[in-house]
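# Commentary on secondary and tertiary structure
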Amino acid sequence: MAYESTDGGTGAAGGAEPGASDSLRTFGAVVQALREHAGLSREEFSARIGYSKHTVASVEQGRRMADRDFVERAEPVLGNTGALRKAAPHLSRQAGLASWFRQWARLEATAISLYTYECRVVPGLLQTEAYARAVSLDVPPLPHPEELEQRIAARLARQELLAVTRKPPTAFSFIVEQAVLERGTGGETVTRELLDHLVGLVERNWNVEFQVMPTRSPSHAGMDGPVQLAETPDNHWFAYSEGQQNGRLISNRKEISLLQQRYAKLRSQALTPEDSLGLLKRLRGAL
């Protein structure tokens, strides 16, 4: 398990432009410096800790996030300085995170309220691994296998934000188009698992409100596309919108007020949470 997971991709575009974070590069430089100080080649070090030379190189170059096992195996080999154990909790996994999404991800990590309207894909915070993989492979260009795994890992790790044990737990509102749920992305098996996941999440997480925007709806306030809204601990609001190969963080109060009005109307136009849960179960039962 990674020490921290505060970011990841959102929908289809999330993770389309991966890059290493400063914390990953710094951590990797420390690992390399300690290894060289111990007089170990990369091959010797990898053999002693039971990881491949490729993995060690990826960690040292800031392209891969060291997991807990890596740190615990590396510490005694590198002199038991405690440096890696102290540094690891401050790592931020930016690999697999689109560059334009990073600032929003930092806000998202500490938000007390998060609202999401999505008309393209199931939001990243609600995806299963199989669905995330299918979405990532659907949108050209095809990612390199290592990049794909980084992207999926970052997205799944980010779902820790949903935990009710966070203090305080974040209040989530999701509005998702019915067509997204009925599209069958990844095939029947992937869709069945996704619907099971959504039902379980909605029933288990009292901090998550999930609504479906029905396919037939004469009034629709979300015609301009997907949007996300976040409230910070000091009660400031930000918004984020995403399109083809780009995204925009919004801090202008007038724009945010307009988006809040639209989201409020979307909430009133969507199915109630109870009816939405019933629809999820019916869609699951039909498979």
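Residues numbered from 1 in each chain as written. Predicted model: local features only at pLDDT ≥ 70, side-chain atom pairs only at ≥ 80, totals over all residues. Heavy atoms only, no water.

## Side note on the nonpolar core
- In this structure, Tyr131, Phe172, Phe174, Leu181 and Phe210 are the most contacted members of the largest nonpolar core, which totals 33 residues.
- Elements with a contribution of two residues or more to this core: α6 (102–110), α7 (129–138), β2 (171–177), α9 (178–182), α10 (188–204), β3 (208–213) and α12 (273–285).
- Broken down by element, this core gets its largest block of residues, seven residues, from α10.
- Discounting chain neighbours no more than four positions away, the residues touching phenylalanine 174 are Thr116, Pro123, Leu125, Leu126, Leu162, Val208, Glu209, Phe210, Gln211 and Tyr263. (Core = buried A, V, L, I, M, F, W, Y, C linked by side-chain atoms within 4.5 Å. Buried < 20%, exposed > 50% of the residue type's maximum accessible area, 1.4 Å probe, protein only. Helix = DSSP H or I, 4+ residues; strand = E, 2+ residues; numbered from the N terminus. Contact = heavy atoms within 4.5 Å.)

## Structural notes on the packing of α10 against α12
- Packing of α10 against α12 brings their axes to within 9 Å, and their N-to-C directions diverge by 155°. Overall, the two elements α10 and α12 adopt an arrangement that is roughly antiparallel. For the pair α10 and α12, the sense of crossing is left-handed. For the pair formed by α10 and α12, the contact residues are Arg192, Leu195, Asp196, Leu198, Val199, Val202 and Glu203 on the first element and Leu277, Leu280, Lys281, Leu283 and Arg284 on the second.
- Its residues assigned to classes, the contact of α10 with α12 comprises seven nonpolar, no polar and five charged. (Axes fitted to C-alpha atoms, helices over the stretch in contact; angles between N-to-C directions. Parallel < 35°, antiparallel > 145°, perpendicular 65-115°, else oblique. Left-handed = near helix turned anticlockwise from the far one by under 90°. Nonpolar A, V, L, I, M, F, W, Y, C, P; charged D, E, K, R; others polar.)

## A short note on the pattern of salt bridges
- Counted by the stated rule, this structure contains 17 salt bridges.
- Here arginine 284 ties to aspartate 196 by a salt bridge, and the two come within 2.7 Å at their closest N and O atoms. Taken together, the positions of arginine 284 in helix α12 and aspartate 196 in helix α10 put the pair 88 residues apart, joining distant regions of the chain.
- Where arginine 267 meets glutamate 209, a salt bridge forms, and the shortest distance between an N and an O atom there is 3.1 Å. Here the residue arginine 267 occupies a position in helix α11 (residues 253–269), and glutamate 209 occupies one in strand β3, the gap between them amounting to 58 residues.
- A relative accessible area of 30% places arginine 267 in the partly exposed class. (Salt bridge = Lys/Arg side-chain N within 4 Å of Asp/Glu carboxyl O.)

## Points about the environment of alanine 74
- By secondary structure assignment, the location of alanine 74 is in helix α4 (residues 68–77).
- Taking C-alpha positions, alanine 74 is 8.2 Å from leucine 84, a pair spaced ten residues apart along the chain.
- With residues near it in sequence (within four places) discarded, alanine 74 still touches Phe45, Ile49 and Leu84.

## Comments concerning the sheet that holds strand β1 (residues 113–118)
- With mixed pairing, the six strands of this open sheet are ordered in space as β3-β2-β1-β4-β5-β6. Strand pairing shows two members of the sheet lacking a second neighbour, β3 and β6 (246–250), which therefore form its edges. For this sheet the average axis-to-axis angle between neighbouring strands, irrespective of direction, equals 10°.
- Of the strand pairs in this sheet, strand β5 (residues 237–243) and β6 are connected by five bridges, and their pairing is antiparallel. Bridging from a neighbouring strand, alanine 239 pairs with isoleucine 250 of β6. (Pairing = 2+ DSSP bridges.)

## Considerations on the side chain of glutamate 75
- By the secondary structure assignment, glutamate 75 is in helix α4.
- Buried charge glutamate 75 goes without a salt bridge, the closest partner of opposite sign being arginine 85 at 4.2 Å.
- Here threonine 81 takes part through its backbone nitrogen, which lies 3.5 Å from a polar atom of the side chain of glutamate 75.
- In terms of polar contacts, glutamate 75 uses its side chain to reach the backbone amide nitrogen of arginine 85, at 3.0 Å.
- Leave out the neighbours within four places in its chain, and glutamate 75 touches Asn80, Thr81, Gly82, Ala83, Leu84 and Arg85. (Lys, Arg positive; Asp, Glu negative; His and termini not counted. Polar contact = N/O pair within 3.5 Å; in protein donor to acceptor, adjacent residues only side chain to side chain.)

## A closer look at helix α3 (residues 53–60)
- Summarising burial for α3: six of the eight residues are buried, a large majority.
- Positioned one or two residues after α3, glycine 62 has a phi angle of 75°, which is positive.

## Details of the packing of helix α2 (residues 42–49) against α3
- Closest axis-to-axis distance for the α2/α3 pair is 9 Å, and the angle between their directions is 110°. Between α2 and α3, the interaxial angle falls into the category roughly perpendicular. Where α2 approaches α3, its residues Arg42, Glu43, Phe45, Ser46 and Ile49 are matched on the opposing element by Lys53, Val56, Ala57 and Glu60.
- Looking at the contact of α2 with α3 residue by residue, the classes come out as four nonpolar, one polar and four charged.

## A short note on the pairing of β3
- Of all six residues that make up β3, five are buried, and the element is covered over most of its length.
- The sheet contact formed by β2 and β3 spans six bridges and is parallel. Across the sheet, residue phenylalanine 172 finds its bridge partner in β3, namely valine 208.

## A short note on α7
- Of the positions making up α7, those classed as buried are Tyr131, Ala132, Ala134, Val135 and Ser136.
- As for α7, its buried residues are in contact with α8 (145–157), α9 and α10.

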